[in-house]
Amino acid sequence: MAVVGPVIVKLLLPLILLWLNFNSSLSLTQARKWESWKDRYPFIKAASSFSSSSSSSSNVGSQKANYYDYIIVGGGTAGCPLAATLSQKFSVLLLERGGVPFANVNVSFMQNFHISLADTSPSSASQIFVSTDGVFNSRAKILGGGSCINAGFYSRASSSYIKKAGWDSKLVNESYPWIEKQIVHKPNLAPWQRAVRDGLLEVGISPFNGFTYDHVYGTKFGGTIFDRIGRRKSAAELLASANPEKLHVLVHATVQKIEFDTSGKKPRAVGVIFKDENGNKHKAFLSKRRGSEIIVSSGAIGSPQILMLSGIGPKKELEKLNIPVVLDNKFVGKGMSDNPLNTIFVPTNRPVEQSLIQTVGITKMGVYIEASSGYGQTEDSIHCNHGVVSAEIGQLSTVPPKQRAQEAIEVYKRNKKNVPQEAFRGGFILAKIATPLSTGKISLKSTNIDDIPSVTFNYFSHPRDLKRCVNGIRIMEKLVKSKHFTNYTQCDKETLDKLLNISVQANINLIPKHTNDTESLEQFCKDTVITIWHYHGGCHVGKVVTSDYKVINVHRLRVIDGSTFTESPGTNPQATLMMMGRYMGVQILRERLGRAAGL
């Protein structure tokens, strides 16, 4: 998952300025592909069609309006299955700020995984931000959310996580398969992944659990949302299960705020204001029927941001930006966590087949060991200078730091355009902290929804997280020296110091490096921390929402996504987020219709 580039810190800012804006226009072939997808998803429209698509829809200033039983803000990993489920019985409006994934080759194919993350154009599926910690990160901006830009790994939450969340295990065990039957596959295990599997078992990460979706201690390989030819099946494709007569999906629809009726004892959500791709504003309203709700599903950054922009959050912070306070709740935006990731790059003496996350070692130390390898890019993907988000780490990391003058960097960038994909030799071993105790916060920088808020994770501020990171590095050391792994790489046994040096040079963030990075594993952890994009929190259960995800002291408003999590579920959260969307959709229907409906 490590995609940040191999450039020394003092060169980062100049390189940021060199990031390219990419041509976002669709080719004729891509346009035809989209036309075929439009046949399957006739309910997906551009946001600008809202006023003209129905005689009852209108602009903000008009008296006419569209009324829906459910308005879902955010068509991401949880929002899509939630919308598909609720539409079985009620009218649903799903508002997504990004575009569609179906005609985007950078999203659709595993080979282009890193290209999608490197795209910094306005139409990109991913949106780069840098936390105040100095770590590069990305948030999704596309229908299907994070399932469109991730490494595809699918693994369920543990039974203890399900119990702690207070979920009905029977319904959970019905909701996961609903996802899996539609978009999940058994992967073809790549050679790098097999070598990591054998190495993990050799160093004692056992037993071997084979292929399983379950979260169990030991070594396993999990599911993937990439099919046998490497084509991504995102959460957006779960919309095929929707009732097309009752679901309306608007893309490029950026919700600016939720509107409330504050005349009663508690504020009551009544509608949303959103802007379309042309910047024009629209308003959509909730039906007055009992049980109708607005459901925020905009992710760990977007959901607390929307709540605060709508007047729900810490009073002092809202007043600083002149946001009218609807409800003072000091916990909105607090308790943000990200799972720290540290990696070791392992070179080989021959080309390595591309692989993303397939094998995982689940330890009882609270550390997960995963792996990725190689490099890929399809001919019709965006070709670009990836700058500081380059995935071609193996090449420049071999150049001694003292020789990395600006001129040398420019020569490298020019030359690498003609380097064949096979030139990338090697891969990564990844160590992720499972349940970090270090927490941070999110705060607004402005009242503009397009401005990414200030995000702080406070990596390794809790000593237990740092201890677990050191344990993870030591496991990786044993792994890369294991007989099975060295037999595969066919390289001389590297000393840990040499591998750490390569990794320090490759995994660049904005955190200053120290001379003792390879002498102190604690310092190595702090200085080379990156993200695996599993950030969560900001709308915790019991503080911002109830156990059924209703916003506390507010009528007709819920939050259903990873912002409600205090821990990231399983080794990777996407399976549980999609399950959560389905699960809560069924729960809400049962609550509203009664169990006689047989759902």
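Criteria and thresholds
Residues numbered from 1 in each chain as written. Predicted model: local features only at pLDDT ≥ 70, side-chain atom pairs only at ≥ 80, totals over all residues. Heavy atoms only, no water. UniProt positions renumbered as here; feature names shortened; annotations may be inferred. Disulfide = S-S within 2.5 Å. Helix = DSSP H or I, 4+ residues; strand = E, 2+ residues; numbered from the N terminus. Buried < 20%, exposed > 50% of the residue type's maximum accessible area, 1.4 Å probe, protein only. Axes fitted to C-alpha atoms, helices over the stretch in contact; angles between N-to-C directions. Parallel < 35°, antiparallel > 145°, perpendicular 65-115°, else oblique. Left-handed = near helix turned anticlockwise from the far one by under 90°. Contact = heavy atoms within 4.5 Å. Nonpolar A, V, L, I, M, F, W, Y, C, P; charged D, E, K, R; others polar. Pairing = 2+ DSSP bridges. Salt bridge = Lys/Arg side-chain N within 4 Å of Asp/Glu carboxyl O. Core = buried A, V, L, I, M, F, W, Y, C linked by side-chain atoms within 4.5 Å. Domains from an automatic or database assignment.

Under an unreviewed UniProt entry, the name given to the protein is Protein HOTHEAD-like isoform X2, and the organism recorded is Nicotiana sylvestris. What UniProt records for the protein under Sequence similarities (unreviewed entry) is the sentence "Belongs to the GMC oxidoreductase family." Taken verbatim from the UniProt record of the protein, the Cofactor (unreviewed entry) comment is "FAD".

### What to know about the state of the cysteines
Per the stated rule, a full pass over the model turns up one disulfide. Put simply, C469 and C525 are joined by a disulfide, and their sulfur atoms are 2.1 Å apart. Judged by the sign of its S-S torsion, about -100°, the bond between C469 and C525 is left-handed. Placement of the pair is C469 in helix α14 (residues 463-481) and C525 in helix α17 (residues 521-527), with a sequence separation of 56 residues. This pair shows no difference in class: C469 is buried, exactly as C525 is. For C80, which is in no disulfide, the shortest distance to another cysteine sulfur is to C148 and amounts to 7.8 Å.

### Thoughts on the packing of helix α4 (residues 79-86) against helix α18 (residues 574-593)
Packed helix pairs are specified by the crossing angle of their axes together with the interaxial distance, meaning the distance between the axes. With their axes 7 Å apart at the nearest point, α4 and α18 run at an angle of 30° to one another. Between α4 and α18, the angle falls in the class roughly parallel. Seen along the crossing, α4 lies across α18 with a hand that is right-handed. Facing α4, whose interface residues are P81, L82, T85 and L86, α18 presents M578, G581, R582, M584, G585, V586, I588 and L589. Of the residues belonging to the contact of α4 with α18, the class tally is eight nonpolar, three polar and one charged.

### What to know about the UniProt feature "domain: Glucose-methanol-choline oxidoreductase N-terminal" (unreviewed entry) in the protein
UniProt records the feature "domain: Glucose-methanol-choline oxidoreductase N-terminal" (unreviewed entry) for residues 299-313 in the present numbering. Summarising residues 299-313: 73% helix, 13% strand, and an end-to-end C-alpha distance of 16 Å.

### Things to note about the sheet that holds strand β21 (residues 367-373)
Read across the sheet, seven strands follow the order β8-β9-β20-β21-β22-β19-β25 without closing on themselves; strand pairing throughout is mixed. The two strands at the open ends of the sheet, each matched to only one other strand, are β8 (208-211) and β25 (530-531). Pairing of strand β19 (residues 340-346) with β25 involves two bridges; the strand directions are antiparallel. What sits directly across from P340, in β25, is T531. Along the sheet face, helix α9 (residues 191-202) touches β8, β9 (218-221), β19, β20 (359-362), β21 and β22 (427-433) and points at about 150° away from the line of β21. Of the strands in this sheet, β19, β21 and β22 touch α14, which is tilted by about 150° from β22.

### Things to note about the sheet that holds strand β15 (residues 293-296)
Read across the sheet, six strands follow the order β1-β11-β4-β3-β15-β26 without closing on themselves; strand pairing throughout is parallel. Each end of this open sheet is capped by a strand with a single partner; those strands are β1 (44-46) and β26 (557-559). Direction aside, neighbouring strands of the sheet carry axes that sit 20° apart on average. Note that β15 and β26 share three bridges and pair parallel. Along β26, the bridge assignment pairs I295 with R558.

### Things to note about the pattern of salt bridges
In this structure the tally under the stated criterion is 16 salt bridges. With its nearest N and O atoms 2.7 Å apart, the salt bridge here joins D465 to R468. Here D465 and its partner R468 are both found in helix α14, three residues apart, which amounts to about one turn of the helix. Classification of D465 by relative accessible area gives buried; the value is 0%. For R468, a relative accessible area of 9% translates into the label buried. Each member of the salt-bridge network shares a partner with another, and the members are E293, K550, R558 and E591.

### A look at helix α10 (residues 299-309)
Across the 11 residues that make up α10, a large majority, 10, are buried. Among all positions in α10, only A300, I301, G302, S303, P304, Q305, I306, L307, M308 and L309 are buried. Two residues or fewer past α10, G311 is found with a positive phi of approximately 100°.

### A word on the nonpolar core
Membership of the largest hydrophobic core comes to 131 residues, with the highest contact counts inside it found for W167, L239, V272, F274, I429 and L557. The leading source of residues in this core is α18, at 10 residues. Inspection of this core shows a minimum of three residues originating in each of domain 1 (67-130 + 140-150 + 234-297 + 311-335 + 536-592) and domain 2 (188-221 + 340-433 + 460-528). Among the nonpolar cores identified, the runner-up in size contains 24 residues, and F113, I142, F226 and L341 belong to it.

### Side note on the pairing of strand β12 (residues 254-261)
Along a regular strand, successive side chains alternate from one face of the sheet to the other. The sheet contact formed by β12 and strand β13 (residues 268-275) spans seven bridges and is antiparallel. Along β13, the bridge assignment pairs E259 with G271. Linking β12 back to β13 in an antiparallel pair, the connection comprises six residues.

### Brief notes about unusual backbone geometry
In this model, S206 is joined to P207 through a cis peptide bond whose omega is 5°. Within the secondary structure layout, P207 lies in the loop between α9 and β8. Even without being a glycine, H252 presents a positive backbone phi close to 60°. Assignment of secondary structure puts H252 in the loop between β11 (247-251) and β12. Its relative accessible area of 35% is what places H252 among the partly exposed residues.

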